[in-house]
Amino acid sequence: MAGTSPVIAVDVMGGDFGPSVVLPGALQPADEASFTFLLVGTADVVRAQLPQHPTLRPSFDVVPAPDLAL
């Protein structure tokens, strides 16, 4: 896999405060290196958070995971 960027999957819905905290922390390395992110969670909620991160490069995909395990 030489020449491909690492792929990082992030459970955006995890944590006590959900996407508002997890997303910025998970994407912090995006400014420093070339990563492809799989943002896993409730798609509408994840996409609603993305405009709050205008520096996010387009190297991400939202992976719908509508079921939450409590």
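Going by the structure above, here's the rest.
Residues numbered from 1 in each chain as written. Predicted model: local features only at pLDDT ≥ 70, side-chain atom pairs only at ≥ 80, totals over all residues. Heavy atoms only, no water.

Trainee: How should the overall build of the chain be read in this particular structure?
Mentor: Scanning the chain from N- to C-terminus turns up 2 helices and 3 strands. Beginning at the N terminus, the succession of helices and strands in the chain can be written as β-α-β-α-β. Looking at the 70 residues of the chain, the share that counts as buried comes to 29%. Summarising the internal contacts of the chain: among those between residues at least 6 apart in sequence, 55% fall at separations of at least 24. Carbon and sulfur atoms make up 60% of the accessible area of the chain, which amounts to about 4,700 Å² in all. (Helix = DSSP H or I, 4+ residues; strand = E, 2+ residues; numbered from the N terminus. Buried < 20%, exposed > 50% of the residue type's maximum accessible area, 1.4 Å probe, protein only. Contact = heavy atoms within 4.5 Å. Areas by Shrake-Rupley, 256 points an atom, 1.4 Å probe, with all protein chains shown as cover.)

Trainee: Teacher, can you tell me more about the sheet that holds strand S3 (residues 60-64) here?
Mentor: Adjacent strands of a sheet pair through backbone hydrogen bonds, lying either parallel or antiparallel. Pairing is parallel across the open sheet formed by 3 strands, whose spatial order is S1-S2-S3. Looking at the sheet topology across the chains shown, the edges are occupied by strand S1 (7-11) and S3. Within the sheet, the average angular offset between the axes of one strand and its neighbour, ignoring direction, is 20 degrees. Strand direction decides the pairing type here: S1 and strand S2 (residues 36-41), joined by 5 bridges, are parallel. (Pairing = 2+ DSSP bridges. Axes fitted to C-alpha atoms, helices over the stretch in contact; angles between N-to-C directions.)

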